[in-house]
Amino acid sequence: MKRIGILTSGGDCQGLNAAIRGAAKALYVEFKENVEIYGINDGYRGLIEGSYKHMKPDDFSGILTLGGTILGTSRQPFKLMRVVDENSVDKVKCMKDNYKKMKLDCLVILGGNGTHKTANLLSEEGLNIVTLPKTIDNDVWGTDMTFGFSSAMEIATNVLDCIHTTATSHGRVFIVEIMGHKAGWLTLHSGIAGGADVILLPEIPYSIDSIAQTLEQRNKHGKRFSILAVAEGVISQQEAKMNKKEFKASRAGMSYPSISYRLTREISERTGQEIRVTVPGHFQRGGSPCPYDRLLATRFGTAAAKLISDKKYGNMVALQNGSIVPVPLNEVAGKLKGVPTDCEIIQTARDIGISFGD
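None of these values were measured; they are calculated from a predicted model.

### Details of the overall build of the chain
1) Next: A tally of helices and strands in the chain yields 13 helices and eleven strands.
2) Next: Computed over the C-alpha atoms, the radius of gyration of the chain is 22 Å, within 12% of the 21 Å expected from 2.2 N^0.38 for a compact globule of 358 residues.
3) Next: Over its C-alpha atoms, taken along the principal directions, the chain stretches across nearly 70 × 45 × 30 Å.
4) Next: Burial analysis of the chain (358 residues in total) assigns 53% to the buried set.
5) Next: In the chain, of all internal contacts separated by at least 6 residues, the share reaching a separation of at least 24 is 74%.
6) Next: For the chain, the centre of its 43 positive side-chain charges and the centre of its 38 negative side-chain charges are spaced 3 Å apart.

### Remarks on unusual backbone geometry
1) Next: Of note in this structure, Lys32 is not a glycine but carries a positive phi near 55°.
2) Next: Looking at where Lys32 falls in the secondary structure, it is placed in the loop between helix H1 (16-31) and strand E2 (35-40).
3) Next: Of note in this structure, Lys311 is not a glycine but carries a positive phi near 60°.
4) Next: Among the secondary structure elements, Lys311 is positioned in the loop between helix H11 (291-309) and strand E10 (315-320).

Rules used in this analysis
- Residues numbered from 1 in each chain as written.
- Predicted model: local features only at pLDDT ≥ 70, side-chain atom pairs only at ≥ 80, totals over all residues.
- Heavy atoms only, no water.
- Helix = DSSP H or I, 4+ residues; strand = E, 2+ residues; numbered from the N terminus.
- Rg over C-alpha atoms; globule rule 2.2 N^0.38 Å.
- Buried < 20%, exposed > 50% of the residue type's maximum accessible area, 1.4 Å probe, protein only.
- Contact = heavy atoms within 4.5 Å.
- Lys, Arg positive; Asp, Glu negative; His and termini not counted.
- Charge placed at Lys NZ, Arg CZ, Asp CG, Glu CD.

So this is what it looks like as structure tokens:
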């Protein structure tokens, strides 16, 4: 009898349930009645606290199109995993003990960058681990695409589409703040697809003077409105020169709810234009997965089942050049896949006149 645990960790996104379903259905096909699947509640917290449930095949029916995660999720910072807390809880020991208590043959973990650090830690501690890359940020190293990204891109693009009509009607500048603290993939893709005039990414520090010049040039050419797609993690060229401590202090003293509102003041002071901010926020994580994410998540899930069948543990399933392949966890953990500033898609944007504020 194979005993397989599944958990989802970190921020939610579209496609988690589709991936859970794909893994479970493939496991049932592979092992028939000789497999038991245990759903671990609320991510690593459930593994630490021993909160889990024995799942049945019916639990995985009807969830392909369902957003969120039927298992629940939580954020458990990797840097605190080996820190014994005030209640004397040794988190790593608890996770290992509960893995053994459940008599698991393998633990399937769905998550992003932080999740993969802990997954690799557990693998190094001797547990059999297989992971699936999820995040709307598409910033997991080793895979061309994460599930959740395409769905979030559709939502962000739709926001930009809708903003166009009101921006055109009123002749205003609109800033749309898109999720992405450290990587700008979502802002880049949706910004191009949504016809943004300026795209600001964490990877390309911006100059407020350059942005103002772009907007003024549009005005001179009779453009009554402009739209900026701004990643929530963007930094100015001045901030890029700061060390980590200086930057944290600078942002801690910022009197704006987010960087977009600071940009609003800075741009308005230089151009005199009326500016509005739209922050779709967690809308980008919600709702049903798009067809592409349903397919990709299912492919990842079934690939995870195959790795378990072949006992190829310690791997993340990844999409590379159109194929699903295993990537060792120790190559993934701790690496961020940012947007290369010289990549073809950025050049495409520049070729059609989009400014990156640099």
